[in-house]
Amino acid sequence: KPKKKNGGPWTHTMSNNKCGSSVHCIGVVYSEAVWDLYKRKLQQGQFNYDENTALEIVTRLTYIAAGNINTWFTGPPTFSGCGSQSGYRAYLEADDDDGDLTN
């Protein structure tokens, strides 16, 4: 993947501009989101899980969600992930335990 000059996350627009819509390069955006969930969100802040627990949670979410993904994003980058069959929605559904996606 092309090198970034700053330490910020990859975005769909950046990947698309640098890689010409290469599926592997655009996939960096989504793999970074999963890595961020595993290493930052679940192991720090309100959750503060140990590394093994965080890995188990992310692995389970990814396994359940990946089976239902038709596309990772729909529409222009501003609205990516909002489609009903998108990766974003699949992760929300995989994490849902009460049928209410608003909580």
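My aim in this report is to walk through the structure given alongside it, one point at a time. (Residues numbered from 1 in each chain as written. Predicted model: local features only at pLDDT ≥ 70, side-chain atom pairs only at ≥ 80, totals over all residues. Heavy atoms only, no water.)

Contact pair helix H3 (residues 51-66) / helix H4 (residues 87-95): the axes reach a minimum separation of 8 Å and the direction vectors enclose 120 degrees. The pairing of H3 with H4 is recorded here as oblique in orientation. In terms of crossing hand, the pair formed by H3 and H4 is right-handed. Across the interface between the two elements, Arg60, Leu61, Thr62, Ile64 and Ala65 of H3 pack against Ala90, Tyr91, Ala94 and Asp95 of H4. Broken down by class, the residue content of the contact of H3 with H4 amounts to 6 nonpolar, 1 polar and 2 charged. (Axes fitted to C-alpha atoms, helices over the stretch in contact; angles between N-to-C directions. Helix = DSSP H or I, 4+ residues; strand = E, 2+ residues; numbered from the N terminus. Parallel < 35°, antiparallel > 145°, perpendicular 65-115°, else oblique. Left-handed = near helix turned anticlockwise from the far one by under 90°. Contact = heavy atoms within 4.5 Å. Nonpolar A, V, L, I, M, F, W, Y, C, P; charged D, E, K, R; others polar.)

Right, let's talk about H3 for a bit. Under the 1.5 Å per step criterion, the end-to-end length of H3 is 22 Å for 16 residues, consistent within 8% with the ideal 22 Å. Listed in full, the buried residues belonging to H3 are Ala54, Val58, Leu61 and Ala65. End-on, the buried residues of H3 take up no more than an arc of 65 degrees, which puts them together on one face. Residues of H3 that are exposed and angled more than 90 degrees away from the buried face: Asn52, Glu56, Arg60 and Tyr63. For H3, the side-chain oxygen to backbone nitrogen distance between the N-cap and Asn52 is 3.0 Å, and the N-cap itself is Asp50. (Expected span 1.5 Å × (residues − 1). Buried < 20%, exposed > 50% of the residue type's maximum accessible area, 1.4 Å probe, protein only. Arc of directions from axis to C-beta. Polar contact = N/O pair within 3.5 Å; in protein donor to acceptor, adjacent residues only side chain to side chain.)

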